Amino acid sequence: MSRIRKVYHIARADLLERTRSYGFLVTLFLSIIGAFLFVPNSQATYAVLLIDQYRGVLNSAWIGAAVSISVMSFLTMFGFFLIKNTIERDRQTRVGQIISTTTLRKLDYMAGKFLSNFAILTIIVILTFTMAIVMQLLCQEDLTIDLGSFVLPMVIIILPGMFALSALAVLFETLPVLRTGFGNILFFFCIWAPTVLISIPTFDIFGLPVSSFTGREIFKDSISESYKHLFPQAPGVLSDGVVLVEEPLQTFLWSGVNWSWDIFISRIFWIIIAIPLLLLASVAFRGFDKPIRKSGKWQLGFFSRKEVSSDTENDKNKWVESSNRRMAALSKVTMRFHAWDMLKVELKLMLKGQPLWWYAIAFLFIVLTLFAPLPLAKGIIAPLAWLWPVLLWSNMGVREIRYNTRDIIFSSPAPLQRQIPVSWLAGLIVAVLTGSGLAVRYMVEGDASGLLTWGIGALFIPSLALAMGVWTRSNKAFEAFYLLIMFTGTLNKEKWMDFMGVVDGTIKAGVPYVFLMVTVGLLVLVVWGRQRQVRR
Amino acid sequence: MKLELNCVGKQYSQDFWALKDFSLQLKPGVLGLLGENGAGKSTLMRIISTITSATTGTILWNGVDIFQNPDAIRENLGYLPQDFGVYPHLNAVEFLEYMAAIKGVHRKEAKTRIEELLHVVNLYDVRKRAIGGYSGGMRQRIGIAQALLNDPKILIVDEPTVGLDPVERVRFRNLLSDLSGDRIVIFSTHIVSDVEATAESIAILSKGHLLHHSSPDELLETVQGKVWEWNVSSSEVQELRKKWMISSTVRSGGGVLLRIVSDESPSNDAQLVSPGMEDAYLHCISNHGKVRQ
């Protein structure tokens, strides 16, 4: 079999497996909603692309640009989280062990996985742009569909970016440290956030023009030029993302980017970069052998554990007749459920395996929140203290699926009434403990409303984690969403996303009460979702 | 103590029933469920264990409908699924403590019970080690221990001997025999010898239907006078397979000793022998196939 055929079949099988999953349907649904939100109509109270108090007439050019910029901002994050499980799936399904025994080269395997990633992202991009065309017709500001204004940004700006992202996701999966939830956090803060926050103009590498990963400047330069031509005295401040507007924006006509060869050439870098990323991934990939587990010496005694690994040792523990004890001679038991016992084991399960330094850093955040100047404590340290346990919370509601303990747990008495409240409570305890610094600070300051908001935030976190875990069956959905709201809300000072109530004006605007209602809604979703899981 | 299954069925798609019109009454003792892969054994066990809903029928546990009141059976249930996982960072004691808490076993009694069960499954010496490092057989034994935590009145074990080596398999059979008496044990497998060694009654399933339910002796009776042994040359075996139902082949001297299940003697050289459970099982499955054709 030729190498190309092998790569094709790896990509094909992987793509089929992914697209036939429930999660992919949800992704497509969210893409449609995304496209809907990326094209706010004339009455919307937000904008995704505006210059001063103006937006473009909703023609194909403006919608194509707005959707392109939004896709490159949001899909790069959600898309990365979505595709970063292709090798993990082979590991979990144990297909990887079969693959390991074939003559398949690692580079070919990586290439197949990369192509599958790229195909998934391309499907989502095409769907989003198709919806954008529908949105143009629905908005009815300009009913002339110019396909080029949708296709060219998609092909020239977005797909090269998705090309690089697909290779990066494969690389992350091959490196043990980046494969985990820690890798997700690293991607979010070190790659995604700077890419979206920092505007980079087109630059040169060895004489080759390179536009920024998002390619936003290509649209922005063109929009600014048209705007300045119409309003030479206006400041021309261009904003993108989700910008709240007090009143409907005025409009001006922008007829689109002049798609030149220079722009096309400036995107080639993002296609080429995929090659070294894949080569690096194939060098770093260690196959599907069982990882060598570290001993628990860096863990607290209560949470440490010993390992069994040698076959000789296992042989000693064979189930032989000499160990026999008659079942009839075993002690009898009575059934009496204790929520406290359950909570203890649930907490142990949640915290087990965390290294000593994890607790040290969590403790450090508490101490820093207590003693740092209040603005710094509220604005930076307290949010970080609640970011730190994200990987503990993201396991909530997912653990039974992830570790395949579903059948034995769901066949136990009252799986919904017993396990869900206790699991939620364990998540809440982690939130209360890790965020206790800010709570104490509010108490010392006598800030009752701050304390109340903090309490609502503590209730919101485990509710969100459980709901997303139960419904998406993946820890990544919570990780992505939680990081996003923490980033936009508390760190980027967007009060409507500020569930911690640390941004000025959040409490006054009644945001905590909105989050309280959302929390109740999430808990309803948890119960409904788990009910569906228990009886399939 | 009684478990009644009345016309239980499970439909997965418009033209596929994993289980259809399954009716059975069970009293204390070991029921061996036999059937090929896809016969509906696991579906049946999952329905009784309340994790899969039935499309038709009712199941009564001591007169209580378990579809209406699943906790009635869950309180008394021990379930070892065919494919189950464990939390790899927990050690055996912690995992069993977790399961005991979920099942609602009294705290102090759970502690003693866990210790005893770890002795029973011979994992006591490695009880403080993370389960993630256990071998397949050791994990299976942890599964058995968790199923027995609440001293269940009804124990459902789905293909429990998969992953166990021959010595462990024998040990497990002995454990099952030991367990029966005052509880209902439902034990599924496609390894006939496992059922032969433990079951007090046998149910044979094929393509979602119950083909036969009786005691092992009654099942054997169905093939009395129908099992033959015949020594043939190796070159004849392929041709004879097409004509006769061969339950086993053993190399013997220069030839092959065939064991054939047939109403009539396959040859004048064939010897009538005592039937085994495997012969009876094949005969039952084959008869059902003929009836369907």
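Residues numbered from 1 in each chain as written. Chains lettered and ligands numbered in written order. Predicted model: local features only at pLDDT ≥ 70, side-chain atom pairs only at ≥ 80, totals over all residues.

1. Here's the deal with the domain arrangement of chain B
Next, step 1: What the domain assignment lists for chain B is domain 1 (3-220) and domain 2 (225-274).
Next, step 2: Inter-centroid distance (C-alpha atoms) of domain 1 of chain B to domain 2 of chain B is 37 Å. (Domains from an automatic or database assignment.)

2. Digging into the sheet that holds strand E12 (residues 245-252) of chain B
Residues and elements named next belong to chain B.
Next, step 1: The strand order across the open sheet formed by four strands is E12-E13-E11-E14, and the pairing between neighbours is antiparallel. Only two strands of the sheet have a single partner each, and these edge strands are E12 and strand E14 (271-272).
Next, step 2: Here E12 pairs with strand E13 (residues 255-261) via seven bridges, running antiparallel. Bridge pairing in E13 links Ser252 to Gly255. (Pairing = 2+ DSSP bridges. Helix = DSSP H or I, 4+ residues; strand = E, 2+ residues; numbered from the N terminus.)

3. Focus: the domain arrangement of chain A
Residues and elements named next belong to chain A.
Next, step 1: Per the domain assignment, the segments making up chain A are domain 1 (3-284) and domain 2 (339-534).
Next, step 2: Computed over C-alpha atoms only, the centres of domain 1 and domain 2 are separated by 30 Å.
Next, step 3: Broken down by secondary-structure element, the contributors of at least two residues to the side of domain 1 that touches domain 2 are helix H2 (22-38), helix H3 (60-83) and helix H9 (181-197).
Next, step 4: A total of five residues in the side of domain 1 that touches domain 2 trace back to one element, the largest contributor, which is H9.

4. Looking at the interface of chain A and chain B
Next, step 1: Taken together, the contact pairs 48 residues of chain A with 60 residues of chain B.
Next, step 2: At the level of elements, helix H15 (339-351), helix H20 (406-410) and helix H21 (415-434) of chain A are the ones that each hand at least two residues to the side of chain A that touches chain B.
Next, step 3: Of all the elements, H15(A) adds the most residues to the side of chain A that touches chain B, at five residues.
Next, step 4: Considered class by class, the residues forming the side of chain A that touches chain B number 18 nonpolar, 13 polar and 17 charged. (Contact = placed C-beta atoms within 7 Å. Nonpolar A, V, L, I, M, F, W, Y, C, P; charged D, E, K, R; others polar.)

5. Side note on the sheet that holds strand E9 (residues 201-206) of chain B
Residue and element names in this part refer to chain B.
Next, step 1: With mixed pairing, the six strands of this open sheet are ordered in space as E6-E7-E8-E3-E9-E10. Each end of this open sheet is capped by a strand with a single partner; those strands are strand E6 (77-80) and strand E10 (209-214). When strand polarity is set aside, the average angle formed by the axes of neighbouring strands in this sheet is 15°.
Next, step 2: For strand E7 (residues 154-158) and strand E8 (residues 184-189), the ladder comprises five bridges, and the chain directions are parallel. Looking at E8, one finds that Val157 is bridged to Phe187. (Axes fitted to C-alpha atoms, helices over the stretch in contact; angles between N-to-C directions.)

6. Side note on unusual backbone geometry
Next, step 1: Even without a glycine there, the phi angle at Asp52(A) is positive, about 50°.
Next, step 2: With respect to the helices and strands, Asp52(A) occurs in the loop between strand E1 (46-51) and strand E2 (54-56).

7. Notes on the pairing of E10(B)
Residue and element names in this part refer to chain B.
Next, step 1: In the sheet, E9 pairs with E10 via five bridges, with the strands oriented antiparallel. Looking at E10, one finds that Ala203 is bridged to His213.
Next, step 2: Connecting E9 to the antiparallel partner E10 that follows it, the hairpin turn spans two residues, and Lys207 within it adopts a positive phi of roughly 50°.

8. Observations regarding helix H13 (residues 274-284) of chain A
Residue and element names in this part refer to chain A.
Next, step 1: Along H13, the positions that sit buried rather than exposed are Ala274, Leu277, Leu278 and Ala281. For H13, the arc enclosing every buried residue in end-on projection is 95°, short of the 170-degree limit, so these residues lie on one face. In H13, the exposed residues that point more than 90 degrees away from the buried face are Ile275, Pro276 and Val283.
Next, step 2: Packing partners of the buried residues in H13 comprise helix H6 (106-139), helix H7 (147-174) and helix H12 (268-272). (Buried ≥ 20, exposed ≤ 12 C-beta atoms within 10 Å, placed from the backbone. Arc of directions from axis to C-beta.)

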